[in-house]
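A structural walkthrough
Below, each chain spelled out in residue letters.
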Amino acid sequence: MYLTLKEMAEYLSVSEAYVETLILQKKIRTVFDGEQHLILKEQFDTHFEQLEKYKQLVEEWYSEPIPEDIDVKDED
């Protein structure tokens with residue numbers, strides 16, 4: 001599914017100017033139809049999948065209990 005520049009900015013939760021900058025830097029592939037840039041939404045699927053995997057990894061890391069240090073001695 002192709003989205004316009006404005007729709008893509010809303011989808012990514014960034015400004016239109018930032019999306020346009022990414023287009024000019026050739027970081028986002030587009031199709032120009034003579035009036036506007038059209039952006040294929042599916043090119044971001046892999047990015048969002050990796051982002052979800054990273055979020056799960058961070059959650060697992062934060063939920064892991066801190067092991068007690070065997071070298072700590074109670075001096076009381």
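Residues numbered from 1 in each chain as written. Predicted model: local features only at pLDDT ≥ 70, side-chain atom pairs only at ≥ 80, totals over all residues. Heavy atoms only, no water.

**A look at the nonpolar core**
The cut-off we apply is this: For our purposes a nonpolar core is just a set of buried Ala, Val, Leu, Ile, Met, Phe, Trp, Tyr and Cys residues, chained together by side-chain atoms within 4.5 Å. Buried means the residue's accessible area, taken with a 1.4 Å probe over protein chains only, is under 20% of the maximum for its type, while exposed means over 50%, and partly exposed covers the values in between. Helix and strand assignments come from DSSP, with helices taken as H or I runs of at least 4 residues and strands as E runs of at least 2, each series counted from the N terminus.
By size, the foremost hydrophobic cluster in this structure holds ten residues: Leu3, Leu5, Met8, Ala9, Val19, Leu22, Ile23, Ile28, Ile39 and Phe44. Secondary structure elements with two or more residues in this core: helix H1 (5–12) and helix H2 (16–24).

**Considering a negative patch on the surface**
The line we're drawing: Residues with no salt bridge and a relative accessible area higher than 30% make up the patches, which join like charges within 9 Å and nonpolar side chains (Val, Leu, Ile, Met, Phe, Trp, Tyr) within 5 Å. Using a 1.4 Å probe, accessible areas were evaluated by the Shrake-Rupley method; residue-level cover was limited to the displayed protein chains. When a carboxyl oxygen of Asp or Glu is within 4 Å of a side-chain nitrogen of Lys or Arg, the pair counts as a salt bridge. Here the positive residues are Lys and Arg and the negative ones are Asp and Glu; neither His nor the chain ends is included. The location of each charge is read from NZ of Lys, CZ of Arg, CG of Asp or CD of Glu.
Together, Glu7, Glu10, Glu16 and Glu20 make up a negatively charged patch on the protein surface. Of all the secondary structure elements, the ones that give two or more residues to the negative patch are H1 and H2. Tracing the backbone shows Glu20 in helix H2.

**Regarding the confidence of the model for the protein**
To keep it simple, the criterion reads: For every residue, the predictor reports its confidence as pLDDT, a number between 0 and 100.
Per-residue confidence for the protein gives a mean pLDDT of 87, with 92% of residues at or over 70. Within the protein, H2 carries the highest mean pLDDT (92), whereas helix H3 (residues 45–63) carries the lowest (90).

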